Structures are given as C-alpha cells and as structure tokens.
Amino acid sequence: MKKVLKQIGVIALSFAFMLVGVEGALASSTISTNISTEGTLTVTGASTLTGAVWASSTAQVTGVLTTYGNGVFGDASTDVQLFTGQLQASSTSLLGGDLNTYANSTFGNAATDVNLFTGTLQASTTALFTSGLTTYGNSTFGDASTDVNLFTGTLQASTTALFTSGLTTYGNSTFGDASTDVNLFTGTLQASTTALFTSGLTSYGTITLQNAETITNATDGTITLGAATTSMTGATMSNGFISSASSTVVGNLTVTGTFSPTQTAATSFAVGGGYGDSGSTLSATGDLTMNGVLDVNGYATTSADGSMVLRGTFQASSTAMVGGNLLTYGNGTFGNAATDVNLFTGTLQASTTALFTSGLTTYDNIFVPAAYGLDASSGGVLNIGTTTATTINIGRSGQVAAMLGNATVAGTLGVTGRTNLVNATTTLLSIGAGNGGTTISGLIFGACVLDAVTISASTTAYATCTATGLTSAYGVLVQAANLQNNLIIQSASTTAAGNQIGFMIYNNDWNGASGVADGKAISFMAVK
C-alpha cells in the first residue's frame, strides 16, 4: 500500500511539473512546499535559490556559479575542496586552513602587488624570488648545519650581519664602504695566500708569523721583532730602531741623519777591513764631524799642511767652505738647477776653455787678454746684447773700433763723431745699392776762392780755385754764385792737375764793360 501511495505521489508531482511547464509559458509559478525527487531535476531557465542549496553527494555546476552572500565550502576540517581550473578573488581571499596547490601558483598580477605572509613561508625544495625578498622579522636560511645557502649576487646587511658558523665567499669580498668603517675580527684572521691591507693593519695582540716569529708592541711604543735572525729589505723606520744583539748589514747602509756609534772598548771605528782596505767605502749624506785628522787612504787624502785632495765626488748639503785652493782632477759642476747662483768674489780664471751652458752673468768688466777676443764655439752668429741691453758701447773715446768684415745695421746708424770711410780698391761705399744706387768711393765738400781773371765783354775766360784732395776722377757740383758786374759761371769741372776746380766764366756784355772774377768763395761737393 505504501509503495502504491509513493507512486501516486510521484505521478501527482510529475503532473504538477507538467502544469508548471505548460503554465510557465504564460506566467511564473510559486511552490510553497518542499520538492523531493528520486530522478533528475532539469531546469531550462534561470533558478534563483533564496535559501541554502544542499547536495547530498556531489554538486555539479556546468556554468558559472554566482553567489550573493557568503559561501562556505565544506563543514569539517577534513573536507577537501578541489579547484581544477583557476580560483580567483575579486578583493581579499581568506583561507582559514591550509592552501595546497597542485601546479604553479601566481600571487598578484602586477609589479606593484604586495603579498604579505604573516606567518612562516616555507618551500619544500627551491624558492625563487625574481624581484627581491623582503622580510619583516627574523629570517633563517636552512635548518641544519649541513645546509648550504648560496648568494650569487650581492648580500647586504643594513645594520649587523651575524654568521654563527663561518662565512665563505666565492669571489672578491669588500668589508665596509668608507675609510672610517671598522671591521673587527675577534678570533683569528687567516689568509690562505696573500692578505693585502690598503689602509693599515691594527693588531690588539702579538702578531705571529708562519715560522713562529712574533711581532709585539710594548707600552713604550717599541716594536720588538722576535726571531733568531731578522732580515729587513726596503724597510723605512722614521723613529729609528734598537738592536739588542749583533747586527749584520749585507747590502748598503745609508744614514741620512747623524751617525753616532757608541763604543765602550774600541778606540777606532772600522769600516770593512779598516784603514788600508781599498774596498772599504764610508759614505755619509749628513754631518760628518771629527775632532782629529781625517786620513783616508783612498780617493780623499790630507797632507801635512792640512790641505785636502778630493778625487771623487765632493758634496755639501748647504755651504762648502774651502780655506785654500780648490783643485779638481776631473769635470766640476757648480749647482744642479737652473736657479742656482754661483758667486765668485775674486777672479775666475780658466786655463783653457770655459763653457757656460746657461749664460754668463758678471758683476764687473770682463777682461780678455791682448790678441784674444769673444767668439762663437762653432760657425754661426755671435750675439751681443740681443735680449735686455738698451745701449751697446764698443771701444772708448779716442780709440779706433775696427770691423774687419762686412757690417749690417738693421736699424738707424747714428754717428756722433767724425766718420772716415777708408776703402780698398774692391770695397766701396754704396748708397741704395739694392735699389740701383751708384757705388761711391770718395766724397769731398767745402768752399774754394776764385783766382783773379779779367774777362772782356761778350767773351768767355777760364778761371780756377783750389780744392784740396780733388782729382780728375771726381765729379763736381758747385753752387751758382753771384759774380761781379755781368759775369756768369757756365760750367765747372775738376782738373787733371788735381786739387783744383776749373770754371768757364762768360761776360754777357750787358753794359759793354770788362769784368774781373776774383775773391769770390764758391761752395762745392765732389763725388767719386
């Protein structure tokens, strides 16, 4: 009977849905009671479920699932919610339990997204961070002493970096980025090859070297080198050193200051094999002071009168004073810079040739022995007063300054005294020779007085005047002078007899009287 009633209910429910389907085309229907079905319920339109939707086994939604309120998946901590596709949240996604993904996971989709992990972030294998890792608390890399944490790029610490189990780097390492940074190594600092310290090394205890040699520093600032034999190559000690045992210098020993050996038993200071050893050299760049006689059986020797002969190099840091003669057996150099001044108060003499490579400045006259002079060391120009001299004087008053060769004056030639041009047969005076000038070998000018001669009217007569030095080789120029009455000078020339100028004088007869030409001074200039 129960089974019959159940079937009748199913038939009635099916009939009711049929009515709903028929009437649904016309209007909506509301069912106020529960609907139970043992078969498939198919809804072709949209279904709005106001209350809770329960599925006894699996709820399958083939389309989009939209909820208008809070959604709860599962009701027990053991429930498993599997999302085969993508799970997206429009704002904040809160997961009360664990989050397990079975494929790659992406947190955020923009470079500005912030993914905050309040608790512990763990990776079972490798954690890759493409844009940096920022932590807000303590961070632990590895959980076992055998773990290896490799930092390929730069590892930086904003304050203090603590390494409890050693620090290993695979390339160059820089500790600190400023000269004021302090890097303190409490334990032992070891270098497998070479340790380079560019800004000094400060040690708070004894420094032990490879073969147990030690370097210690006492409270008085003295550095003690503890070794059977201490070897120093190229060492510089600005405050000196103390040797508590015998010391041997294999190479050169150079003392730039005062060398004061303290001796208690010996009465002499020996260098090498001592006096007489030709291979011994005593060199001092500072003061060498002694109360007795300096006797050197080598390059420098002293004689009975106290004089010293130096065959090698003699150097003085300030002033070298020699009471007697200074004799050198080789080249001598005074000064080693262009600004050095070497003053010779007395006479400076050179037995052969004196060479001055950077000029010669004297505070008095330079005297050259007779028949000697100033000349260039080789063929070329000898310059006198070409730099700072404003006036050059050659010779003195009343003396002859002879130029044996040609003389060229680029500027103005001024002669305040008498100028005598004495020429050989092949050396002549030329004025403007470069521009077609005529060569001049003689020049005489002055005035001469006509001798007395009477000239009849309308006639020409010859008259002379005496001019010392003239010959027939000169051409003469005379000044047109006013003669007596009606006399006129027609021409003038030198005579073969010499020392005379001949004139042709004409009487123009303007008054019919004779004229006498005498006593007139006529200016002339004669050129040869």
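You'll find the structure just up there.
Source: prediction; values computed, not measured. The numbering scheme is per chain: residues are counted from 1 as the chain's sequence reads. Note on the predicted model: pLDDT of at least 70 is required for a residue's local features to be given, and 80 or more for side-chain atom pairs to be given and counted; whole-chain, interface and lining totals, by contrast, use all residues. To get the side-chain values, all heavy atoms of the structure are used, and hydrogens and water are removed first.

K.L.:
Any chance you could explain the state of the cysteines here in plain terms?
P.N.:
Every disulfide links exactly two cysteines, by a covalent bond between their sulfur atoms. Disulfide: a pair of cysteine sulfur atoms within 2.5 Å of each other. Applying the stated criterion across every chain yields a total of one disulfide. A sulfur-sulfur distance of 1.9 Å marks the disulfide that ties Cys-448 to Cys-465. On the sign convention where negative means left-handed, the S-S torsion of about -45° between Cys-448 and Cys-465 marks this disulfide as left-handed. One end of the pair, Cys-448, is in strand 8 (residues 443-449); the other, Cys-465, is in strand 10 (residues 460-466), with 17 residues separating them in the sequence. Here a helix means four or more residues in a row that DSSP labels H or I, a strand means two or more in a row labelled E, and each is numbered from the N terminus.

K.L.:
I tried to follow the sheet that holds strand 13 (residues 500-507) on my own but got confused; where do I start?
P.N.:
Within a sheet, adjacent strands bond to each other through the backbone by hydrogen bonds, running parallel or antiparallel. The pairing criterion is simple: DSSP has to find at least two bridges between the two strands. The strand order 10-13-12 describes an open sheet built from three strands, whose pairing is antiparallel. Each edge of the sheet is formed by a strand with only one pairing partner; in this case those strands are strand 10 and strand 12 (487-494). Along the sheet, successive strands turn relative to each other by an average axial angle of 30°, direction set aside. Only C-alpha atoms enter the line fits that serve as axes; for helices the fit covers just the stretch in contact. Angles between N-to-C directions range over 0 to 180 degrees.

K.L.:
I tried to follow the side chain of Asn-507 on my own but got confused; where do I start?
P.N.:
Mapped onto the fold, Asn-507 is located in strand 13. Every residue in contact with Asn-507, bar those within four places of it in the chain, is listed here: Ile-455, Ser-456, Ala-457, Ser-458, Thr-459, Asn-486, Leu-487, Ala-513, Ser-514 and Gly-515. The contact criterion used is simple: two residues touch if any of their non-hydrogen atoms lie within 4.5 Å.

K.L.:
So what exactly am I meant to see when it comes to the sheet that holds strand 15 (residues 521-527) here?
P.N.:
Here we have three strands laid out as an open sheet, ordered 8-15-11, and antiparallel in their pairing. If you trace the sheet from one side to the other, it starts and ends with strand 8 and strand 11 (475-478), each paired once. For this sheet, the mean inter-axis angle between neighbouring strands, taken without regard to orientation, is 25°. Examined bridge by bridge, strand 11 and strand 15 share four bridges and lie antiparallel to one another. Looking across to strand 15, one finds that Val-478 is bridged to Phe-524.

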